[in-house]
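Listed below are the residues making up each chain.
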Amino acid sequence: MGVHPNIHIPKESWPRWTWYAIECIIVIAVTLVLSSKITNSIEGLSPEAQNYMFIGFLGISFFIWYIVIRRIILTKFLRNGY
């Protein structure tokens, strides 16, 4: 029995960019909830200061995920073959 040369392999047909898009949507959702909870826990802020704190925590969360966790830790695991 021979092998078919036109076999369908899902990994090769699934666009790789969609995983990055799914990851970005998850990170956006988690950071929005996280920065909202942190900002609401700080009492005595004016609305303007609350907006700056919200955007600041949002940016810090993105920085931590994409620069620290994803780039440093995940690339070390992938280099070592885990």
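Here, the structure is the one placed above.
So, here is what we can say about the structure in this document. These figures come from a predicted structure and were not determined experimentally. (Residues numbered from 1 in each chain as written. Predicted model: local features only at pLDDT ≥ 70, side-chain atom pairs only at ≥ 80, totals over all residues. Heavy atoms only, no water.)

Taken as a whole, the largest pocket holds about 220 Å³ of empty space. Around the largest pocket, the lining residues are Arg 16, Trp 19, Tyr 20, Glu 23, Arg 70, Leu 74, Thr 75 and Leu 78. Every element with two or more residues in the lining of the largest pocket is listed here: α2 (17-41) and α3 (47-80). Looking at the lining of the largest pocket element by element, the count peaks at four residues for α3. For the lining of the largest pocket, the residue count by class is four nonpolar, one polar and three charged. (1 Å grid on protein atoms, 1.4 Å probe; cavity = no way out; pocket = protein on both sides within 12 Å on 5 of 7 lines; lining within 4 Å. Points joined across faces, edges and corners; volume = space filled by probe spheres on them. Helix = DSSP H or I, 4+ residues; strand = E, 2+ residues; numbered from the N terminus. Nonpolar A, V, L, I, M, F, W, Y, C, P; charged D, E, K, R; others polar.)

Turning to the pattern of salt bridges, a few remarks are in order. In this structure the tally under the stated criterion is one salt bridge. Its salt-bridge partner being Glu 23, residue Arg 70 comes within 2.7 Å of it at the nearest N-O pair. A residue pair is termed long-range when its members are at least 10 positions apart, and Arg 70 in helix α3 and Glu 23 in helix α2 qualify at 47 residues. (Salt bridge = Lys/Arg side-chain N within 4 Å of Asp/Glu carboxyl O.)

Moving on: the packing of aromatic side chains. Enumeration over the complete set of coordinates arrives at one aromatic pair. Pairing Phe 62 with Tyr 66 gives two aromatic rings, centres 6.0 Å apart and planes at 10 degrees, and the pair type is stacked. Linking Phe 62 with Tyr 66, this pair stays in helix α3, spanning four residues, or about one helical turn. On the basis of relative accessibility, which here comes to 24%, the residue Tyr 66 falls in the partly exposed class. (Phe/Tyr/Trp six-rings, centres within 6.5 Å; stacked < 30°, edge-to-face > 60°. Buried < 20%, exposed > 50% of the residue type's maximum accessible area, 1.4 Å probe, protein only.)

Attention now moves to α2. With 25 residues, α2 extends 36 Å from end C-alpha to end C-alpha; this agrees with the ideal 36 Å at 1.5 Å per step. Buried within α2 we find Thr 18, Glu 23, Val 27, Thr 31, Ser 35 and Thr 39. (Expected span 1.5 Å × (residues − 1).)

Taken together, the side chains of Ile 60, Phe 63, Ile 64, Ile 67, Val 68, Ile 72, Ile 73, Leu 74 and Phe 77 present a nonpolar region at the surface, about 750 Å² in accessible area. A relative accessible area of 38% places Ile 73 in the partly exposed class. (Patch = residues over 30% accessible without salt bridge, like charges linked within 9 Å, V, L, I, M, F, W, Y side chains within 5 Å. Areas by Shrake-Rupley, 256 points an atom, 1.4 Å probe, with all protein chains shown as cover.)

Residue Arg 70 is classed as partly exposed on the basis of its relative accessible area of 26%. If sequence neighbours within four positions are ignored, Arg 70 has contacts with Tyr 20, Glu 23, Trp 65 and Thr 75. For Arg 70, the side chain forms a polar contact with the side chain of Glu 23, separated by 2.7 Å. (Contact = heavy atoms within 4.5 Å. Polar contact = N/O pair within 3.5 Å; in protein donor to acceptor, adjacent residues only side chain to side chain.)

So, about the environment of Thr 31. Residue position: Thr 31 is located in helix α2. Relative accessible area serves as the criterion here: at 4%, Thr 31 is assigned to the buried category. A C-alpha to C-alpha distance of 9.1 Å links Thr 31 and Ile 60, two positions 29 residues apart in sequence. Excluding its chain neighbours within four sequence positions, the residues that come into contact with Thr 31 are Leu 58, Ser 61 and Phe 62. There is a polar contact of 2.8 Å between the side chain of Thr 31 and the backbone oxygen of Val 27.

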